[in-house]
Amino acid sequence: MGKAKFKPADDVKPEVEEAEEVEEQRDGGEVAEEEEEEKEKSFEELGLDPRLIRALSKKGIEKPTPIQQTAIPYILEGKDVVARAKTGSGKTLAYLLPLLQKLFSDSGRKKKPAPCAFVLVPSRELCQQVYTEVSWLIELCRVQIKAVQLTSSMPVSDMRNALAGLPEILVTTPACIPKCFADGVLDPAAISESLEILVLDEADLLLSYGYEDNLRSVTSIVPRRCQCLLMSATTSSDVEKLKKLILHNPVVLTLQEGSDKEEPVPSNVQQFWISCSAQDKLLHILALLKLEVVQKKVLIFINTIDMGFKLKLFLEKFGIKTAILNGELPQNSRLHILEQFNAGLFDYLIATDDNNQTKEKEEVKGDDNKDNKKNKRRFKPKLDAEFGVVRGIDFKKVHTVINYDMPQSVTGYIHRIGRTGRAYSSGSSVSLVSPGEMEGFEEIKSFLAGEEDKDSDIITPFPLLTENAVESLRYRAEDVAKSVTKISIRESRAQDLRNEIINSEKLKSHFEANPRDLDLLKHDKLLSKTAPSPHLRDIPEYLVDPKTQEASKMVKLARAAMGNSRRSGGGNNTKKKRSRKGGDPLKTFNANGSKRGRGGGGVGQKKDGKGSSDGSANKKQKTV
Ligand SMILES: Nc1ncnc2c1ncn2[C@@H]1O[C@H](COP(=O)(O)OP(=O)(O)OP(=O)(O)O)[C@@H](O)[C@H]1O
């Protein structure tokens, strides 16, 4: 999309050509590095409006996270801020709360011709998420502020209607703004006049999603007085580029955790791995899920859409129901799947990593198999360029992330793992690593360990699955895997798409009538033509290794305990965290017999990650 055809206002911010100048100013800026010893502050002490504090309290959020404690005062002061804090650390509220507070004080004034706050996010899913977050805050605060979300796929008439009520806040993707200019829905001159706050959320992803040109056309109309905020989970050259492009002399907040070493993955996420051949991945995931040695809810990442369907069909035969999320599904369905998963309507979600969309697109184009031609003509699978499931989406109460396929970059790994252990909750991840993925895995490990600490084991072998337990399922798994053919995968993919297109139409009208409601359209329904046979659905006890059986019992007990003691949201304190940890068998148990809580000393430590325990599951926990 090209640049807007208009002359920018005199006081607009410099574009990238003038970035050197901005960089110098930035160097003169204030750099705040948060130390753990600093006294914790309450929302009141941060100077937040009582209406916002009450709204947070109604949602069970009582105490600010570290990034909120640090960023909110600077944003309230009006400073440009670059905030880098790990995934799940509460960055959204860190900017939304002060943004709303600033608008509260303006609320009596005359309406502006265009929204005065823009929040730009990389994907539609994130648009929806941020919009939902800001909407409940506005509703609970009972203020006359209006927020809207716009995405490129919306009809122009819908965009016009959304903007007709002169909203103060616009949540959108960078691609949508030039489209709005081109369609005459937004007026660049009005934006230059009105814009007061610009937020670039998930800034580390905005450029990698290919939004550079779009962002340039936006920045060319950002007035100099506009406060700019840049939120990111990782540091990258893209973030630096954006910083130069948009910000003025910003405060740079890099949140470190206790020690002097930066850890990009929250320490309340226990990271494990299992070494297995590519063919044995189905067997291992079956063992993990069927023997119930991982906590639900589980988010499983794969790299291609076909692999997702293969996995779904395979697990179905064993009576394990899963739902699928990928960029080829209609947007309404995707949003609904996310909503249902977050609401706890199903436990297993198989998600395609958005990194691989280009590859998939090529695969779809290049595949001219006759069997599929008919379906393709009818369904025209098209991947959504603004789809992003891994990055930034706030999956609720995910306990385990499984990398069935390893991600293709360290950043990809960090963002995937960050879907669990959000805010003050804990979680774990299990990566299935085949020999072909070992090199990438070593890179991830050494990145996470950092320069000085290369040998430390941040990702440890998964302790709760014995080799015997896995082997006892081999015959069944291999037999069933053979029945999941390429043709059945293709048919299921087409059928799922067909179902979801129908769902999507129903959902469209449903969402219009009940924007906050959930209906009962099921996304985890069976795709295979035959129902799972009873002998596969229930694994007989004699087949299960006693140690794994014991581990499974503990996982279930821990789950029940967590379910009973779970309070909503915030009031999080170390006490609560400690009791959870005590109940989490991944932190207190290993399948080879030692049940000692910490250190697991004396247990044979296998570094190859194969089945057996190393006791290192009892990884040191730190406070986020
Ligand atoms: N102060 C708080 N206390 C408890 N929960 C919180 C608090 N602040 C935010 N949360 C919750 O934590 C979860 C993660 O927050 P959020 O999505 O903002 O994280 P993030 O830092 O943006 O992560 P990512 O980089 O992955 O997008 C959300 O469910 C949010 O409601």
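As the structure is a prediction and not an experimental result, all values here were calculated from the model.

A. Expanded view of the overall build of the protein chain. Along the backbone of the protein chain there are 25 helices and 15 strands. Out of the 624 residues in the protein chain, the part that is buried amounts to 59%. Expressed as a percentage of contacts within the protein chain between residues at least 6 apart in sequence, the contacts between residues at least 24 apart total 81%.

B. Summary view of the site of the ligand. Taken together, 25 residues sit near the ligand, with Lys-63, Gly-88, Thr-92, Glu-202 and Asp-394 positioned nearest. Lys-63 is positioned such that a nitrogen or oxygen atom in its backbone is 2.7 Å from a nitrogen atom of the ligand. Ser-89 places a main-chain nitrogen or oxygen 3.0 Å from an oxygen atom of the ligand. For the ligand, whose free accessible area comes to 630 Å², the fraction covered by protein is 94%.

C. Just the nonpolar core, in detail. Among the nonpolar cores identified, the biggest contains 77 residues, and Tyr-95, Leu-97, Leu-100, Leu-137, Ile-169 and Leu-349 are the most heavily contacted of them. The residues touching Leu-97, leaving out its near neighbours within four places in the chain, are Phe-43, Leu-48, Leu-52, Leu-56, Ile-72 and Leu-137. Within the second largest apolar cluster, 45 residues are counted, among which are Leu-289, Leu-291, Phe-462 and Val-484.

D. How the structure looks around the pattern of salt bridges. For the structure shown, the criterion picks out 11 salt bridges. The closest approach of N and O atoms between Lys-63 and Glu-40, which form a salt bridge, is 3.8 Å. Of the two residues, Lys-63 sits in the loop between helix 2 (50-58) and helix 3 (66-77) while Glu-40 sits in the loop between strand 1 (31-34) and helix 2, which places them 23 residues apart along the sequence. Lys-63 sits in the partly exposed class, given a relative accessible area of 24%. Across the salt bridge formed by Glu-316 and Lys-312, the nearest N and O atoms sit 3.6 Å from each other. Of this pair, Glu-316 and Lys-312 are both found in helix 13 (residues 305-316), four residues apart, which corresponds to roughly one turn of the helix. The exposure class assigned to Glu-316 is buried, which follows from its relative accessible area of 1%. One network of salt bridges, in which partners are shared, links Asp-280, Glu-471, Arg-474 and Glu-478.

E. Here's a closer look at the sheet that holds strand 13 (residues 400-403). Spatial strand order, 11-12-10-13-14-9-15: seven strands in an open sheet with parallel pairing. Of all the strands in the sheet, just strand 11 (323-325) and strand 15 (459-461) have a single pairing partner and so form its edges. Across this sheet, the average inter-strand angle for adjacent strands is 25°, counted without regard to direction. Bridge count between strand 10 (residues 298-302) and strand 12 (residues 348-352): five bridges; the pairing is parallel. Of the residues in strand 12, the one forming a bridge with Leu-299 is Leu-349. On the sheet, helix 12 (residues 281-290) packs against strand 9 (269-275), strand 10, strand 12, strand 13 and strand 14 (427-433) and is oriented at approximately 155° with respect to strand 14. The strands touched by helix 17 (residues 410-417) are strand 9, strand 10, strand 13, strand 14 and strand 15; relative to strand 13, the strand with the most contacts, the crossing angle is about 150°.

F. Broad picture of the pairing of strand 14. Strand 14 sits mainly inside the fold: seven of its seven residues count as buried. Residues Gly-427, Ser-429, Ser-431 and Val-433 point to one face of strand 14 and Ser-428, Val-430 and Leu-432 to the other, with burial holding for every one of them. Sheet topology note: the strand 9/strand 14 ladder contains seven bridges and is parallel. Looking at strand 14, one finds that Val-269 is bridged to Gly-427. Pairing of strand 13 with strand 14, which is carried by four bridges, proceeds in the parallel orientation. Counted as the bridge partner of Thr-400 is Ser-428 from strand 14.

G. Structural context of the UniProt feature "domain: DEAD-box RNA helicase Q" (unreviewed entry) in the protein chain. According to UniProt, the "domain: DEAD-box RNA helicase Q" (unreviewed entry) feature falls on residues 41-69. Counted over residues 41-69, helix gives 45% and strand 0%. Its end C-alpha atoms are 6 Å apart.

H. Region of the structure containing the side chain of Gln-227. With respect to the helices and strands, Gln-227 occurs in strand 7 (residues 227-232). Using a relative accessible area of 3% as the deciding quantity, one classes Gln-227 as buried. Ignoring any residue separated from it by four or fewer positions in sequence, one finds Gln-227 in contact with Tyr-74, Ile-75, Gly-78, Lys-79, Asp-80, Lys-102, Glu-196, Ile-197 and Leu-198.

I. Representation of helix 10 (residues 212-219). With six of its eight residues buried, helix 10 lies for the most part within the structure. All of the buried residues in helix 10 are Asn-214, Leu-215, Arg-216, Ser-217, Val-218 and Thr-219.

J. Broad picture of the environment of Gly-440. Within the element layout of this structure, Gly-440 appears in helix 18 (residues 438-449). On the basis of relative accessible area, Gly-440 is assigned to the partly exposed category, the value being 33%. For the pair formed by Gly-440 and Pro-407, sequence separation is 33 residues and the distance between their alpha carbons is 8.4 Å.

K. Looking closely at the environment of Glu-550. Note on placement: Glu-550 falls in helix 23 (residues 546-565). Considering only alpha carbons, one finds Glu-550 and Val-293, 257 residues apart in sequence, at a separation of 9.3 Å.

L. Quick peek at the packing of aromatic side chains. As enumerated under the stated definition, the model contains five aromatic pairs in all. An angle of 90° between the planes, with centres 5.7 Å apart, marks the rings of Phe-272 and Phe-462 as edge-to-face. Taken together, the residues span a long stretch of sequence, with Phe-272 in strand 9 and Phe-462 in the loop between strand 15 and helix 19 (467-472) at a distance of 190 residues. The buried category is assigned to Phe-272, whose relative accessible area is 0%. Considering the side-chain rings of Phe-314 and Phe-318, the 5.3 Å spacing of their centres and the 55° angle between planes classify their relative orientation as tilted. Judged by its relative accessible area of 0%, Phe-314 falls in the buried class.

M. Layout of the packing of helix 3 against helix 4 (residues 91-106). Viewed as axis vectors pointing N to C, helix 3 and helix 4 meet at an angle of 30°, and their least axial separation amounts to 9 Å. If you check the angle between helix 3 and helix 4, you find them roughly parallel. Of the two possible hands of crossing, helix 3 and helix 4 adopt the one that is right-handed. The residues of helix 4 that touch helix 3, namely those facing Ile-67, Gln-68, Ala-71, Ile-72, Ile-75 and Leu-76, are Lys-91, Leu-93, Ala-94, Tyr-95, Leu-97, Pro-98, Gln-101 and Lys-102.

N. Structural context of the pairing of strand 6 (residues 197-200). In strand 6, alternate side chains face the same way, and those of Ile-197 and Val-199 on one face and Leu-198 and Leu-200 on the other are all buried. Sheet analysis places strand 3 (residues 117-120) next to strand 6, joined by four bridges and oriented parallel. Counterpart to Phe-118 in the pairing with strand 6 is Leu-198.

Conventions used here
Residues numbered from 1 in each chain as written. Predicted model: local features only at pLDDT ≥ 70, side-chain atom pairs only at ≥ 80, totals over all residues. Heavy atoms only, no water. Helix = DSSP H or I, 4+ residues; strand = E, 2+ residues; numbered from the N terminus. Buried < 20%, exposed > 50% of the residue type's maximum accessible area, 1.4 Å probe, protein only. Contact = heavy atoms within 4.5 Å. Near = heavy atom within 4 Å. Polar contact = N/O pair within 3.5 Å; in protein donor to acceptor, adjacent residues only side chain to side chain. Areas by Shrake-Rupley, 256 points an atom, 1.4 Å probe, with all protein chains shown as cover. Core = buried A, V, L, I, M, F, W, Y, C linked by side-chain atoms within 4.5 Å. Salt bridge = Lys/Arg side-chain N within 4 Å of Asp/Glu carboxyl O. Pairing = 2+ DSSP bridges. Axes fitted to C-alpha atoms, helices over the stretch in contact; angles between N-to-C directions. UniProt positions renumbered as here; feature names shortened; annotations may be inferred. Phe/Tyr/Trp six-rings, centres within 6.5 Å; stacked < 30°, edge-to-face > 60°. Parallel < 35°, antiparallel > 145°, perpendicular 65-115°, else oblique. Left-handed = near helix turned anticlockwise from the far one by under 90°.

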